[in-house]
Amino acid sequence: MMQRPPSVTEPENVTFGDVGLLRIDHVGVAVPDLDIALRFYAETFGMHCVHQETNEEQGVREAMLAVGDGTGPRLQLLAPARPDSAIAKFLDRNGPGLQQLAYTVADVEAAADALRARGLRLLYDTPRRGTAGSRINFVHPKDAGGVLVELVESAPPVRH
Ligand code: MC0
């Protein structure tokens with residue numbers, strides 16, 4: 001008879017799906033200088049930038065890099081735009097490296113509500129503006145196993 005691997009646990013009272021995570025959207029890496037990092041990722045890994053912007057509210061200069069054929073999750077480079085930003089603080093404390101893991105969700109408010117109902121702290125009461133007009137919120141890393149989790153609801157497609 002097949003034995004269940006001992007590492008597989010059966011969580012109780014969990015309704016799968018109500019958070020609505022669709023896929024990994026991007027992985028965010030904190031870097032001190034965006035232009036130097038863009039050159040490094042292009043020359044070293046052959047990644048190319050598909051989007052770049054400054055998010056004043058978040059205090060970041062950021063770039064999205066495509067991996068492979070560009071259909072999968074992206075790498076986001078995050079550089080501080082001012083010294084009091086979350087990224088500047090992260091770099092001061094940890095140096096460059098992985099800063100966040102972002103999931104695509106269909107409805108960021110519904111996802112945040114589902115996680116609040118499980119006792120997790122969301123950083124914002126209401127979603128804020130993220131990359132390319134997306135709506136975002138974050139789970140505090142201390143409530144998510146030491147990982148800053150971002151929820152991303154993409155902007156609706158532009159109709160012409
Ligand atoms: C802090 N901690 C982290 C962490 N940042 N742990 C894992 N990953 C991180 N990124 C840990 C510290 O080491 C410390 O642990 C504890 O959390 C401190 O918590 P705190 O005092 O409550 O908070 P702060 O002041 O360190 O700030 C952390 C916090 C902040 C996550 C609240 O960075 C924040 O508000 N982040 C959300 C916004 C953000 O990251 N924006 C930049 C990306 P110990 O054990 O020492 O106590 S903007 C973006 O991503 C947009 C453009 C987009 O994608 O669309």
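On a predicted model such as this, the values are computed, not experimentally measured, just so you know.

Colleague: How would you sum up the side chain of Gln58? Please name residues and give values.
Modeller: Within the secondary structure, Gln58 sits in the loop between strand 2 (48-55) and strand 3 (60-66). Filtering out sequence-adjacent residues up to four positions away, Gln58 remains in contact with Arg82, Ser85, Tyr124, Ile136 and Phe138.

Colleague: With reference to specific residues and values, describe the site of the ligand.
Modeller: What surrounds the ligand is a group of 25 residues, the closest being Lys89, Arg93, Gln100, Thr131 and Lys142. Between the ligand and Gln76, the relevant distance is 2.9 Å, taken from an oxygen atom to a side-chain nitrogen or oxygen of the residue. Residue Thr131 places a main-chain N or O atom 2.8 Å away from an oxygen atom belonging to the ligand. In the complex, 72% of the free accessible area of the ligand, which totals 1000 Å², lies under the protein chains. At the level of elements, strand 4 (74-80), helix 2 (86-94), strand 5 (97-105) and strand 7 (135-139) are the ones that each hand at least two residues to the shell around the ligand. It is helix 2 that provides the largest number of residues to the shell around the ligand, a total of five residues. Residue composition of the shell around the ligand, grouped by class: 10 nonpolar, 10 polar and five charged.

Colleague: Outline the nonpolar core, listing residues and values.
Modeller: If you look at the biggest cluster of nonpolar residues, it comprises 12 residues: Val29, Val31, Leu34, Ala37, Leu38, Tyr41, Met47, Ala63, Leu65, Leu75, Leu77 and Ala79. Mapped by element, the contributors of at least two residues to this core are helix 1 (34-45), strand 3 and strand 4. Here the element with the most residues in this core is helix 1; it accounts for four residues. Ranked by size, the runner-up nonpolar core spans 11 residues in total, among them Ala112, Ala114, Val149 and Leu151.

Colleague: Before we move on, can you summarise the pattern of salt bridges with the specific residues and values?
Modeller: With the rule as written, the count across this model stands at nine salt bridges. Note that Glu53 is salt-bridged to Arg129, the shortest N-O span being 3.1 Å. In this pair, Glu53 is assigned in strand 2 and Arg129 in strand 6 (residues 128-129), connecting sequence segments 76 residues apart. With a relative accessible area of 15%, Glu53 lands in the buried category. When its relative accessible area of 43% is taken as the criterion, Arg129 is described as partly exposed. In this structure, the salt-bridge partner of Glu57 is Arg128, at a minimum N-O distance of 3.8 Å. With Glu57 in the loop between strand 2 and strand 3 and Arg128 in strand 6, this residue pair connects regions lying 71 residues apart in the sequence. By relative accessible area, which is 35% here, Arg128 ends up partly exposed. Residues joined by salt bridges that share partners form a network here, namely Glu109, Arg135 and Glu153.

Colleague: Tell me about the sheet that holds strand 7, residues and numbers included.
Modeller: Spatially, eight strands are ordered 2-3-4-1-5-8-7-6 in an open sheet, and the strand pairing comes out mixed. Edge positions in the sheet fall to strand 2 and strand 6, since each of these pairs with one other strand and no more. By the bridge criterion, five bridges tie strand 7 to strand 8 (residues 149-153) in an arrangement that is antiparallel. Of the residues in strand 8, the one forming a bridge with Ile136 is Val152. Where helix 1 meets the sheet, its contacts fall on strand 1 (21-30), strand 2, strand 3 and strand 4, and the angle it forms with strand 3 comes to roughly 10°. Strand contacts of helix 3 (residues 108-117): strand 5, strand 7 and strand 8, with the helix running at about 15° to strand 7, the strand carrying the most contacts.

So, how was this worked out
Residues numbered from 1 in each chain as written. Predicted model: local features only at pLDDT ≥ 70, side-chain atom pairs only at ≥ 80, totals over all residues. Heavy atoms only, no water. Helix = DSSP H or I, 4+ residues; strand = E, 2+ residues; numbered from the N terminus. Contact = heavy atoms within 4.5 Å. Near = heavy atom within 4 Å. Polar contact = N/O pair within 3.5 Å; in protein donor to acceptor, adjacent residues only side chain to side chain. Areas by Shrake-Rupley, 256 points an atom, 1.4 Å probe, with all protein chains shown as cover. Nonpolar A, V, L, I, M, F, W, Y, C, P; charged D, E, K, R; others polar. Core = buried A, V, L, I, M, F, W, Y, C linked by side-chain atoms within 4.5 Å. Buried < 20%, exposed > 50% of the residue type's maximum accessible area, 1.4 Å probe, protein only. Salt bridge = Lys/Arg side-chain N within 4 Å of Asp/Glu carboxyl O. Pairing = 2+ DSSP bridges. Axes fitted to C-alpha atoms, helices over the stretch in contact; angles between N-to-C directions.

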